[in-house]
Amino acid sequence: MTLPLAQRGSTRLRAGSARRRVAIRGLTGTLLFVLILEAVPRLGLVNPAYLPPFSEIMVALGAQAATPAFWTLLGQTVFGWFTGLIIALVAGIALGMFIGSLKWVREATHSTIEFLRPIPSVALIPLAVILFGTDMRSTLLLVVYATFWQVLIQVLSGVQDVDPIARETARSYRFRPLTQLRSLVWPTALPYVMTGVRLGASVALILEITGELVIGSPGIGKQIVLSQTAGQVATMYAFVIVAGMLGVAVNLGTRLLERRVLRWHTSIRRDQEGSP
Amino acid sequence: MNTTRSEGDASLLEVQHVRKVYSSGGTEFEAIRDLDFRVSDGEFLCIVGPSGAGKTTLLRCIGGLLDVTSGSVSLAGARVTSPPEGMAIVFQEYGRSLFPWLTVRQNVELPLREKKVPATRRAELVSDALEAVGLAHVPDSYPWQLSGGMQQRVAIARAVAYQPRILLMDEPFAAVDAQTRAELEDLVFSLWKSLQVTVVFVTHDIDEAIYLGQRVLVLSNSPTSVLEDVPIPLPKARDQLRTRSLPEFNELRQKIHRLVQTAKRTMIT
């Protein structure tokens, strides 16, 4: 797979210009979308009371961003999301490694996991409210519950994926069980763990906003409802946009992390292969 | 190595009436019927047989990776029930045997860490082993950045650095091209001479077996037994062209080829 240097260079150049073209198209699309959002209410196609022009939403967002309260709310949402994600990750990874490593535990827990996993997290809202009221912990419970399964299922598949030859290699060199877990099982499971992190981070954000919205625990989600009841439609949209931007940031962040952690993995290494 | 090497003919590995039956569900499959042979300390033994002759099963039984159904395997007098000390295995599937998340150096070093070799000695062993297989220039590359032949060299370096008394090789060069294969054969042969390690080399390639071995064990079709134990009285200095064009080499090739052909045809029941 080694191309002559000149050719390889031009491939890279071509790839670069292709990427630029995609970026330009993406930007054009976004601009068009914003223009439509601006034009539709101004032309009277929809009632501006339900959908204010985009510029008004931006003005409302600017006004919000200027207040310290906004940043406190944003901080509360991010804190709730992150805490829930970390708890789910630690629990999912630890339990997943344990359950996945022992065949009989895996078989004994399989049916229970398959029963608990499909329960929609939001179905637990009444329970959460009974336990913690409208406290942040109510939402945290939902976030942890939903995210935990995402992580656990991935870790379980990851632990199963150890290559038999790699396993025999480790055994033939007399690796102790703990060394096998650390130097073979964990790196094998890591790509799955990263998928769990990526899916879990998105699910955690959805549940965080849902919890705030429905239960009324403090954060961006609660602010969406409050603006709506106060009739501040532009502000409501401003918070919706903030929630959306959080989602984009979470996705970008986890992808970046994935690329860093899995340098060696087939899905990432394609561009460096065959060039020692 | 903590045991001193014993005198010439003492057998290091004893395979006594080994039988291996795989059973899954209600069906049983007899892979090995009865295998009985010894390998002397310092010997280079090649095992050939038709494909599906249970060569790999045998090697895994010797390596303690598989339990035998009856009979026994002993290494230096101790019965093998799990991978024993002082043994290294080189697998055919180098790409799966090396850890892709570790660099070449880390791959070679990992078993030494597990053996609790002190850091300075470890570094020495790793660089010596990489030097010996001709890979001193790529310690910080990842295995997947190297060609197939180079990857198998890494696996061999890992085994060499481990300083085993016995080295088991399971069709190690079946997946590399002919040119690389010849180079790797010469590498293994020179390592065997310089390290005085005992080698059990499984292959389906008759020429390779004669070229490398002091003795060739010809296996029957499955269920496996030993068809014949052929000594290889070739001069100890090997050369890809000269050795392979010796009249003795040719005779041995014909003899073993006939044996393998018979083994393929006759199903022993």
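Residues numbered from 1 in each chain as written. Chains lettered and ligands numbered in written order. Predicted model: local features only at pLDDT ≥ 70, side-chain atom pairs only at ≥ 80, totals over all residues. Heavy atoms only, no water.

**Overview of the domain arrangement of chain B**
Residue and element names in this part refer to chain B. Put simply, the test is: An automatic or database domain assignment provides the domain bounds reported here. Contacts: residue pairs with any heavy atoms within 4.5 Å of one another. What counts as buried area is the accessible surface, traced by a 1.4 Å probe, that two parts surrender upon association, with contributions from both included.
When its domains are assigned, chain B resolves into domain 1 (9–83 + 166–171 + 197–269) and domain 2 (87–163). A straight line from the C-alpha centre of domain 1 to that of domain 2 covers 26 Å. With eleven residues of domain 1 at the interface, the matching set in domain 2 holds eight residues. With both sides pooled, the region where domain 1 packs onto domain 2 buries about 850 Å², and carbon together with sulfur makes up 67% of that total.

**Side note on the sheet that holds strand β5 (residues 78–79) of chain B**
Let me state the cut-off plainly: When DSSP finds at least two bridges between two strands, those strands are taken to pair. Counting from the N terminus, the helices are DSSP H or I runs at least four residues long and the strands are E runs at least two residues long.
Spatially, the ten strands line up as an open sheet ordered β5-β4-β1-β2-β10-β9-β3-β8-β7-β6 (chain B), and their pairing is mixed. In the strand order of this sheet, the two ends are held by β5 and β6 (87–90) of chain B, each with one partner.

**Some words on helix α10 (residues 233–261) of chain A**
One turn of an α-helix holds 3.6 residues; hence residues three or four places apart share an orientation. Residues and elements named next belong to chain A. Convention followed: The length a helix should cover is 1.5 Å for every residue beyond the first. Only protein chains enter the accessibility calculation, which uses a 1.4 Å probe. A residue is then buried if its area is under 20% of the maximum for its type, exposed if over 50%, and partly exposed in between.
With 29 residues, α10 should cover 42 Å at 1.5 Å per step; its first-to-last C-alpha distance of 42 Å lies within 8% of that length. Residues of α10 that are buried: A234, T235, M236, A238, F239, V242, A243, L246, V250, T254 and E258. The inward-facing, buried residues of α10 abut α2 (54–65), α3 (68–101), α8 (177–215), α9 (220–229) and α11 (266–269).

**Quick look at the interface of chain B and chain A**
Heads up, the rule is: Take a side-chain nitrogen of Lys or Arg and a carboxyl oxygen of Asp or Glu: if they are within 4 Å of each other, that pair is a salt bridge. Contacts described as polar in this section are N or O atom pairs within 3.5 Å, which, within protein, must combine one atom able to donate a hydrogen with one able to accept it, while residues neighboring in sequence count only if both atoms come from side chains.
Each side of the interface is counted separately: chain B has 28 residues, and chain A has 24 residues. In this assembly, chain B packs against chain A so that about 2600 Å² is buried in total across both faces, 57% of it on carbon and sulfur atoms. If you sort the residues of chain B by the area they bury against chain A, B:W101, B:E114 and B:W144 come out on top, with a joint share of 31%. Taken together, the links from chain B to chain A amount to four salt bridges. Note that A:E168 is salt-bridged to B:R60, the shortest N-O span being 2.6 Å. For the pair chain B and chain A, the interface holds ten residue pairs in polar contact (both at pLDDT 80 or more). Looking at the side of chain B that touches chain A, the elements that each hand over two or more residues are β6, α2 (94–97), α3 (104–114) and α5 (148–161) of chain B.

**Structural notes on the domain arrangement of chain A**
All names here are of chain A. Rules: Any residue outside Ala, Val, Leu, Ile, Met, Phe, Trp, Tyr, Cys, Pro, Asp, Glu, Lys and Arg is labelled polar, Gly included; the first ten of those are nonpolar and the last four are charged.
Domains assigned within chain A are domain 1 (1–48) and domain 2 (52–272). Relative to domain 2, the C-alpha centre of domain 1 lies at a distance of 29 Å. Contact residues are listed per partner, giving six residues for domain 1 and four residues for domain 2. Inspection of the region where domain 1 meets domain 2 yields zero salt bridges. Here domain 1 is connected to domain 2 by three residue pairs in polar contact (both at pLDDT 80 or more). Within the side of domain 1 that touches domain 2, the residues separate by chemical class into four nonpolar, no polar and two charged.

**What to know about the packing of aromatic side chains**
Operational definition: Two rings from Phe, Tyr or Trp (for Trp, the six-membered ring) form a pair when their centres are within 6.5 Å of each other. A pair whose planes differ by under 30 degrees is stacked, one over 60 is edge-to-face, and the rest are tilted. Charge-over-ring contacts are defined here by two conditions on Lys NZ or Arg CZ: a distance within 6 Å of the ring centre and an angle within 35 degrees of the ring normal.
Taken as a whole and judged by the stated rule, the model has 13 aromatic pairs over all chains. Where A:F70 meets A:W71, the ring centres are 5.0 Å apart and the plane angle is 90 degrees; that geometry is what we call edge-to-face. Classification of A:F70 as buried rests on a relative accessible area of 4%. One aromatic cluster is present, built from ring pairs that chain together B:F44, B:F173, B:F189, B:W192 and B:F201. Looking at B:K20, its charged tip hangs above the ring of B:Y22, at a distance of 5.3 Å from the centre. A cation sits over an aromatic face here: B:K115 above B:Y162, 4.5 Å from the ring centre.

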